[in-house]
Each structure stands twice: as structure tokens, then as C-alpha cells.
Amino acid sequence: MINILGLSAGICTSMLIYLYVDYQTSFDDFHENRENIYRVNQTFIWSDQVDEQFGSTGPGVVFSVAEDLPEVTRGTRLLKLNANLVTYENKLGQKISHMESGVLAADSNFLDIFSFELLHGNPKGLLSNPSNIIITESISKKYFGDHDPLGQVLQFEYAGKNYSHRVAGVLKDVPSNSSIVFDMLTPMNSIPHVKRQNWSWLWTGFVTFVELNPNANISEVREKLKDIPRRHAEQTLQSLMNMSYQDYLDEGKKWDIFLQPLSDIHLNTNVLNRISTPVNMNSIYAYGLAAGFIILLSCINFTNLTTTQHIKRAKFAGIKKLLGSSRWQLSLGYMTESFIYCLGSALVGMVLLWYSIPYFSQLTESELTFGHLMNIKVVGLLFGLIAFMSIIAGGYPALFLSAFKPIDAMKGKVKTGKGSAPLRNGLVIVQFTVSVILISSTLIAFDQLSYSYTKDVGFTKDNLGALKNLEWMDETKRESFINELTQIPGINSASICTSVPPDHWSGDQFEPIDATIQTTPIDYTLIDDQYLGTLGIKLLYGRNFSDDFSDDKNNVIISEEAVRDIGWDLDESVLGKKLSYDHGNQVFKVIGVISDFNYRGLRGTVDAFALFTHDSGMHDSGRFNGVFSIDAASSTQLTQILNTIELKWQEFVSDRPFEYLFVDEAFAANFQAEQNFLEVLSIFSSLAILIASLGLLGIIIYAIEQRTKEIGIRKIVGANVWQIAVLLSKQHAKLILASIVLSVPLTWFMMQQWLEDFEYRIDISPFVFLVSGLAILILTLAISGFHSVKAGFSNPVDAIKDE
């Protein structure tokens with residue numbers, strides 16, 4: 001039974017991991033021309049980290065690349081649009097409205113390059129007519145039910161602007177294994193501003209793809225890419241920053257472009273991605289490694305438990321040999337037995353797998369279904385796994401048990417099994433080394449996530465709520481609404497701003513006056529005078545914006561990092577210095593310096609940041625958010641506060657959806673994949689401990705059976721139960737201590753690789769290894785001690801008689 005359980009767990013786990021890894025590595029495989037498609041990345045010019053890459057470019061990059069590289073056969077762009085309120089009004093005047101965040105603007109040739117299946121509509125010119133829109137099946141069902149969607153009109157509203165599109169095509173829902181995710185496609189030429197900016201490299205919101213000639217030499221193409229920014233970014237730099245490309249480089253900055261294969265996008269978290277969330281490849285490796293560990297544990301278990309039964313097997317082998325069986329025949333018999341065990345375990349494992357898939361799919365946020373099992377690769381893998389486990393798990397017992405001399409076996413001279421003890425002990429060490437590695441890794445992952453969740457981000461993110469779409473109110477109503485929020489019991493303060501951490505993308509180039517550099521990238525947001533207090537951002541020097549100062553629209557508050565980037569002294573002398581914007585058309589005086597804070601979450605570095613007033617004239621997205629600080633003593637009170645806010649919302653914009661979020665939850669969402677990884681790792685660790693413990697239990701029982709006579713003699717000469725328990729447990733304790741020593745460097749190396757993916761990470765603590773080692777040691781001593789004490793209480797006379 002122990003063998004069956006261990007092998008079943010190994011098969012179930014390895015099959016689950018295979019399905020998961022196969023799913024994650026299958027992203028974008030459905031595109032017919034995937035091998036020739038590349039995304040154009042560029043240096044993340046909005047960051048101080050010059051080696052950081054950005055998965056999007058300016059609108060002009062696609063034309064520059066196509067012009068300079070004859071290997072490029074086609075290029076296309078995507079632009080992710082902000083969430084729109086989409087409304088459909090049927091002939092009866094009934095309206096269906098939803099906020100839609102999955103809207104992409106696409107160039108006219110997008111569907112020629114990528115293989116998204118068109119279900120309805122004429123494929124010719126679908127994305128050429130600016131009034132068209134292409135929707136997915138789900139969106140069609142959502143707005144039109146079973147009616148024909150073609151020709152129907154959808155009204156869009158964004159930041160107070162209204163426009164409409166007529167449904168011209170319906171696509172099959174985007175496959176879950178697509179790194180390009182959308183619900184609707186609008187033609188790029190429906191946005192007039194894009195056409196006016198097609199020369200620019202600076203509006204870095206465009207995800208650019210190129211298709212290369214199948215015979216193109218990618219190394220040569222990448223070599224040619226190096227000269228393109230110098231030739232084409234110059235116009236942007238001269239027009240928008242008043243500097244040459246060489247001036248830009250001379251300030252220690254970079255502006256390179258890169259080609260990333262389509263197949264690499266989903267598994268590369270080193271490039272900032274605008275339209276989907278990539279998965280950490282190290283996590284994929286970790287899953288595969290864990291599956292390998294579980295299989296290894298299962299095989300070791302089987303091998304150990306089988307060899308520990310060698311006394312009966314030896315006598316059985318001796319009898320068969322005396323009756324004429326050859327060693328080869330005995331080995332074949334043992335291998336056949338092993339195969340039957342593995343086959344039976346596979347059946348049990350597949351049943352476990354059937355019930356595990358929905359839970360595992362939910363846990364890893366991957367769309368695994370039972371259909372994935374009906375695959376020739378899965379069937380092949382299963383039989384391969386059975387064969388592999390049969391050979392590994394049954395190979396040694398077959399060789400060991402068939403090697404006895406029949407006379408020795410019949411006389412019981414092989415019953416001590418000393419010849420196999422080193423190997424058996426070695427396998428036990430491997431088993432528990434793997435167990436300690438998994439437990440230590442789980443603890444390290446837990447520590448890292450706890451650190452990520454609780455790290456000081458430079459402002460008070462807990463109990464901080466945010467309301468979206470305040471642009472649906474005019475300025476007067478907006479301010480009235482926020483003022484009324486502050487009257488609600490439990491709300492400490494509230495503010496209006498154009499972005500709320502960690503969702504922030506606005507930034508531009510500024511020209512500091514009285515500085516050694518010409519330009520510097522600074523991210524910014526527009527705020528009112530309540531923003532700093534509501535978020536709890538520390539003001540280091542100067543003052544906040546205030547209604548008492550009528551010229552605050554010409555002032556700016558900057559962060560410590562902005563001061564450092566510019567090269568000013570970080571003290572009060574920075575007050576009164578100036579930032580020029582738009583070639584000097586706007587000049588802002590620094591009135592305050594705030595402490596740095598993680599406005600983009602904990603995935604990226606903290607870059608230069610600036611705060612402007614709403615009437616500063618700085619470009620904004622047209623979006624307004626309300627951010628509010630809550631002081632709720634209980635979940636009941638929190639619910640009451642939110643209900644009251646919603647009632648207020650209905651008073652101001654009764655026909656619009658009410659949407660809110662909590663900032664700490666938005667930060668935590670950035671680490672959802674790692675949280676899932678931790679949960680899966682915890683399950684694997686528990687499984688590993690269970691399998692290893694079952695194996696250890698079998699070995700301990702066997703060891704005690706082997707020393708029954710010795711125990712009886714020791715008791716007769718005066719040994720007590722405690723002394724016998726110590727004697728029997730000491731050997732196993734040594735094996736566990738060896739496992740702990742071996743596991744430390746292996747765990748440290750593996751988890752150090754995993755931690756590299758975090759911008760802010762912990763140092764691995766020795767305490768982790770101490771806890772995991774002690775846990776395994778205590779478990780071992782408990783199992784060993786229980787059976788040792790049981791043996792110690794047995795009648796020594798019976799033991800000696802049995803012998």
C-alpha cells in the first residue's frame with residue numbers, strides 16, 4: 001500500500017506539472033507564422049536603469065525599422081486604449097453598458113500577420129475603415145445575445161469624449177495561451193492623433209511587431225538594428241528635447257532597440273509588457289524540478305521498501321533457484337512485479353489527476369482542462385513514465401534479490417542485509433535532502449512574499465481606497481463629491497488625482513535650469529492639496545500646494561530621486577530652482593521635495609517623480625481618480641463606509657458603474673503568480689514529506705525487525721526502554737543530519753536564482769534551514785522513537801525464541 005501511494009502521488013504530480021509546463025510553453029504557438037514574428041523592444045527611456053527594456057515603442061519605430069531593414073516583410077502596431085464605457089442601445093431603446101478594458105487599436109495588417117480566427121465578417125479591409133470594430137465571441141454574446149452583431153453600433157465614452165464603431169467582424173475568443181490579449185480591436189486610423197505622431201519615437205505606448213523574411217539571418221538583423229536609433233531618433237530628440245542623439249548619449253543614457261521572438265514574450269519577465277502578464281521562467285523550472293523530486297522520492301521509496309523485505313525475498317529467490325530458475329528469470333520476475341506496481345499506481349494516479357486538475361488549474365491561474373489529457377503526448381508521457389519508474393524503482397531490487405546464493409538464502413545468511421545498507425542509507429539521505437530543500441524553499445518563498453507585502457513603499461497603502469472615472473463628473477461636481485466623501489464617518493481624507501499607485505504611466509522629458517544635464521525623464525501625476533496627506537507621503541523640504549498660493553499652477557513638487565538625477569543638492573537649496581517643459585513654453589518652480597515612493601509597485605525601481613496641480617496645463621490622460629483614506633474598526637464598518645460612498649456616487653452619476661479598489665490589494669496583485677507558486681510549492685513540500693515519511697516508516701520497521709534479537713539481549717542484560725529507543729533512533733538521526741547539511745548549499749543556489757526576479761528581495765536567512773532541518777529531524781525521531789519504544793516494551797524472551 002505504501003508503495004502504491006508513493007508511486008501514485010509521483011505520477012499524479014508529474015502529470016500535473018507536465019500539463020502546466022506544456023500550457024505555459026505553448027503560448028502563441030497557434031500563430032501560423034510565429035517563427036518569423038518578433039516584437040520590437042527598446043531601452044526603457046523613462047527609467048534611470050539604462051539596461052532595462054520596454055516592450056513598446058514610439059509610433060514611428062515601425063516605419064524606421066521597415067525602411068532600414070530589407071529583411072522585414074511587414075510591421076504592425078498595437079495601442080492599448082484606456083478603459084472605455086461601451087454602450088449598446090437596441091431598437092427598443094434598451095441600453096446595455098459595461099466598462100471595457102480589453103480594447104486595442106491595431107494597424108490594418110494586424111490580422112494578416114497574426115492567426116486570430118475570424119468567425120463572421122469580410123476579412124478584407126476590416127481594420128482599414130476607421131468606423132469599424134472587431135469584437136470577440138464573448139463580447140458579441142455580452143451585448144447582442146444570439147442576435148447577429150454585424151452592422152450593430154457600439155457607443156464608446158472615454159474621458160468625456162464620445163465616439164462610435166460599427167461591428168464589422170467577430171473573432172473567436174482569443175486563446176488563453178496568447179500573449180496578445182484583447183476583447184475588441186479598433187482600427188489604428190480611427191485615432192487621428194496617431195497619424196500626426198507617426199514620425200515620433202517618444203510616445204512609447206505602441207507594441208510593435210515585425211515579420212522577418214524566413215531566410216533572414218537574425219544575427220545580422222540585430223547588428224543592423226544598432227544604427228537605426230541614431231538615424232531616426234534624432235528628429236524626436238531635436239524636436240522634443242532640443243538635443244542631438246549624441247548629446248543624449250553623452251549624458252550617459254541609452255536608446256537602443258531590440259528584437260524579441262514572439263515565442264519568448266510570455267516567459268520573459270525582464271521586459272516591461274503593456275498588454276499581458278508574462279510568467280517567470282524560473283518558476284517554470286522550479287515546477288519541473290519539484291516534479292522531478294517527487295518522482296525521485298517515489299522511486300527511492302519503492303526501492304528502499306522493496307530491498308528491506310529482502311529476507312523473505314531471499315528465501316523465495318533461493319527456493320526458485322533450487323527449482324531451476326536462472327538469475328535472469330528472477331530479475332525478470334521482479335521487474336514484472338515492479339511494472340505491475342507502477343501500472344496500478346498509474347491508474348490510481350490518473351484518478352487523482354482527474355480530480356486534481358480543476359483545483360490545480362485554479363491555483364496556478366492556467367486554463368488546464370480534462371481535454372489536455374486526451375493528447376497523444378500525454379499518453380506517451382504516461383507510458384514513458386511507467387516504464388521509467390518500473391526500471392528505476394524495480395531495477396536495483398531485481399539485481400539485488402536475484403543475486404543471493406540459494407544455500408545462503410535458505411540458511412538465512414543474507415538476512416542482515418549489511419551489503420545493501422550503504423545504498424539504502426544513501427537513498428534515505430537523498431529522500432530527506434529533497435524534503436529539506438522543498439521545505440526550505442517554501443519558507444524562503446514565504447519570507448520573500450511577506451517582505452513584498454509589508455515593505456515600506458514610501459506611503460501608507462493600507463486602508464487606502466481609490467475610485468475610478470471621476471471624469472464622469474465636471475470639475476465642480478468632482479470637487480463637491482470629494483468634499484462629501486470627507487464628511488462620511490470613517491473617511492479621514494480624500495483627494496483628486498490623475499493616477500493612483502501602482503497604476504502609473506505618465507511621464508515626459510524635462511529640462512532642468514541651472515543643472516549639468518540638458519534633459520531628464522520624470523514621471524508625474526496631477527494632484528490637489530489633499531494628495532500628500534491622504535497618501536501619507538513625507539514632505540522633506542518646502543511646502544505642499546495650497547489654495548493660499550494663487551500661482552501654484554506654475555509650481556512643482558519633486559521627489560528625492562528627481563533631485564539626484566538632475567544633480568542638484570538634496571537640501572533646501574533646491575527650493576526655488578526651476579524645471580522647463582515643452583522647450584521653455586512652461587517653467588515650473590520647485591516648492592517642495594518629497595521622499596521617494598513606489599508609485600509603480602514593487603516590480604520596478606523608484607524613478608524621478610513630480611507632482612503638478614490640476615490647472616498646471618500639464619498633459620494628462622483625461623482620467624480622474626478619487627483616493628481616500630479609511631479608518632474602519634471592523635469589516636462591518638468598512639462595508640458600511642463603502643455602501644455610503646456608493647450612495648453618494650449614485651447621487652452624482654446615477655447612470656454610471658461604481659468601481660473602486662484598495663491600493664494594498666493592487667500592490668499584492670503584482671505578486672499573484674508568486675503567491676500561486678508558493679501555494680503549489682507548499683503542496684509539493686507536504687507531499688514530499690509524506691512520501692519520505694512513508695518510506696522512513698517502512699525502513700524503521702524493517703530495521704527493528706532485524707535487531708529484534710539484539711534488543712531482547714540488551715533488555716535481559718539491563719537496558720531500559722529509553723536506552724533502546726536512543727540506540728535505534730541514533731542511526732536515523734545521523735542520516736537526517738547528513739540530509740540537512742547537503743540541502744543547504746543546493747537550496748541556497750536554487751532560491752537565489754528565483755529571488756533574482758524581485759527588484760526588492762530578502763537575504764536568505766540561516767534560520768530557514770534551522771527550522772526546516774529541525775522539523776524533519778523531529779518528525780524522524782517521532783517515527784523512530786515510537787517504534788523503538790514499542791520494541792523496547794516487547795518481551796525479550798519471545799524475541800530470542802523467535803530468533
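Up top is the structure these notes are about.
No experiment lies behind these values; they were computed from the predicted model shown.

What counts and what doesn't
Residues numbered from 1 in each chain as written. Predicted model: local features only at pLDDT ≥ 70, side-chain atom pairs only at ≥ 80, totals over all residues. Heavy atoms only, no water. Core = buried A, V, L, I, M, F, W, Y, C linked by side-chain atoms within 4.5 Å. Buried < 20%, exposed > 50% of the residue type's maximum accessible area, 1.4 Å probe, protein only. Contact = heavy atoms within 4.5 Å. Helix = DSSP H or I, 4+ residues; strand = E, 2+ residues; numbered from the N terminus. Pairing = 2+ DSSP bridges. Polar contact = N/O pair within 3.5 Å; in protein donor to acceptor, adjacent residues only side chain to side chain. Patch = residues over 30% accessible without salt bridge, like charges linked within 9 Å, V, L, I, M, F, W, Y side chains within 5 Å. Areas by Shrake-Rupley, 256 points an atom, 1.4 Å probe, with all protein chains shown as cover. Salt bridge = Lys/Arg side-chain N within 4 Å of Asp/Glu carboxyl O. 1 Å grid on protein atoms, 1.4 Å probe; cavity = no way out; pocket = protein on both sides within 12 Å on 5 of 7 lines; lining within 4 Å. Points joined across faces, edges and corners; volume = space filled by probe spheres on them. Nonpolar A, V, L, I, M, F, W, Y, C, P; charged D, E, K, R; others polar. Lys, Arg positive; Asp, Glu negative; His and termini not counted. Charge placed at Lys NZ, Arg CZ, Asp CG, Glu CD.

Caption draft 1: View of the nonpolar core. Ranked by internal contacts, the top residues of the largest apolar core, which has 84 residues, are Met 389, Phe 459, Tyr 531, Ile 537, Phe 597 and Leu 611. Ignoring any residue separated from it by four or fewer positions in sequence, one finds Tyr 531 in contact with Ser 495, Cys 497, Ser 499, Pro 501, Thr 525, Ile 537, Phe 597 and Leu 611. With 26 residues, the next largest nonpolar core counts Val 61, Val 65, Val 221 and Leu 237 among its residues.

Caption draft 2: Region of the structure containing the environment of Ile 275. On the secondary structure map, Ile 275 appears in the loop between β14 (271-272) and α9 (281-307). Separated by 96 residues in the primary sequence, Ile 275 and Ser 179 place their C-alpha atoms 7.5 Å from one another. Beyond its immediate sequence surroundings of up to four residues, Ile 275 is in contact with Leu 78, Lys 80, Leu 104, Ser 179, Ile 180, Val 181 and Val 207.

Caption draft 3: Highlighting the pairing of strand β9 (residues 153-158). In terms of strand pairing, strand β4 (residues 84-89) meets β9 through 3 bridges, oriented antiparallel. Within β9, the position partnered with Thr 87 by the bridge is Gln 155. Of the strand pairs in this sheet, β9 and strand β10 (residues 161-171) are connected by 6 bridges, and their pairing is antiparallel. When the sheet's bridge partners are listed, Gln 155 is paired in β10 with Ser 164.

Caption draft 4: Main features of unusual backbone geometry. A cis geometry characterises the amide bond from Pro 501 onward to Pro 502, with omega recorded as 0 degrees. Its place among the elements puts Pro 502 in the loop between β16 (491-497) and β17 (507-512). Not every positive phi belongs to a glycine, and Asn 469 is a case in point at roughly 65 degrees. Structurally, Asn 469 can be placed in the loop between β15 (464-467) and α15 (475-485). Backbone geometry places Asp 514, a non-glycine residue, at a positive phi of 65 degrees. Tracing the backbone through its elements, the reader meets Asp 514 in the loop between β17 and β18 (520-527).

Caption draft 5: Quick peek at the side chain of Asn 109. With respect to the helices and strands, Asn 109 occurs in the loop between β6 (103-106) and α3 (110-113). The class of Asn 109 is buried, set by a relative accessible area of 18%. Looking at Asn 109, its side chain comes within polar contact range of the side chain of Thr 76, at 2.9 Å. Beyond its immediate stretch of four places on either side in the chain, Asn 109 contacts Arg 74, Gly 75 and Thr 76.

Caption draft 6: Looking closely at a nonpolar patch on the surface. On the surface, a nonpolar cluster with roughly 580 Å² of combined accessible area is contributed by Val 351, Trp 354, Tyr 355, Phe 370 and Met 374. Take Met 374: it is sitting in the loop between α11 (327-364) and α12 (376-401). Looking at Met 374, the relative accessible area reads 66%, which means it is exposed.

Caption draft 7: Examining the layout of surface pockets more closely. Here the second largest pocket defines a volume of roughly 610 Å³. Considering the residues around the second largest pocket, the lining is formed by 24 residues, among which Glu 479, Asp 528, Asp 529, Asp 547 and His 614 are closest to the centre. Element by element, the count of residues in the lining of the second largest pocket is highest for α15, at 5 residues. Split by residue class, the lining of the second largest pocket holds 7 nonpolar, 8 polar and 9 charged.

Caption draft 8: Quick peek at a negative patch on the surface. Taken together, Asp 474, Glu 475, Glu 479, Asp 547, Asp 548 and Asp 615 make up a surface patch of like negative charges. Relative to the helices and strands, Asp 547 resides in the loop between β19 (539-542) and β20 (555-559). A relative accessible area of 70% means that Asp 547 is categorised as exposed.

Caption draft 9: The side chain of Ser 559, seen in detail. Looking at where Ser 559 falls in the secondary structure, it is placed in strand β20. Judged by its relative accessible area of 1%, Ser 559 is buried. In this structure Ser 559 touches Val 593, Ile 594, Asp 596, Asp 607, Ala 608 and Phe 609, once residues within four positions along its chain are discounted.

Caption draft 10: Spotlight on the pattern of salt bridges. Applying the stated criterion to the full structure yields 22 salt bridges. Between Glu 117 and Lys 172 there is a salt bridge, and its shortest N-O distance comes to 3.9 Å. You can see Glu 117 sitting in the loop between α3 and β7 (118-120) and its partner Lys 172 sitting in the loop between β10 and β11 (184-187), a full 55 residues away along the chain. Its relative accessible area of 45% is what places Glu 117 among the partly exposed residues. Measuring nitrogen to oxygen at the nearest pair gives 3.0 Å for the salt bridge that ties Lys 253 to Glu 251. According to the relative accessible area criterion, Lys 253 is buried, its value standing at 15%. One connected set of salt bridges, linked through shared partners, spans Glu 560, Glu 561, Arg 564 and Asp 596.

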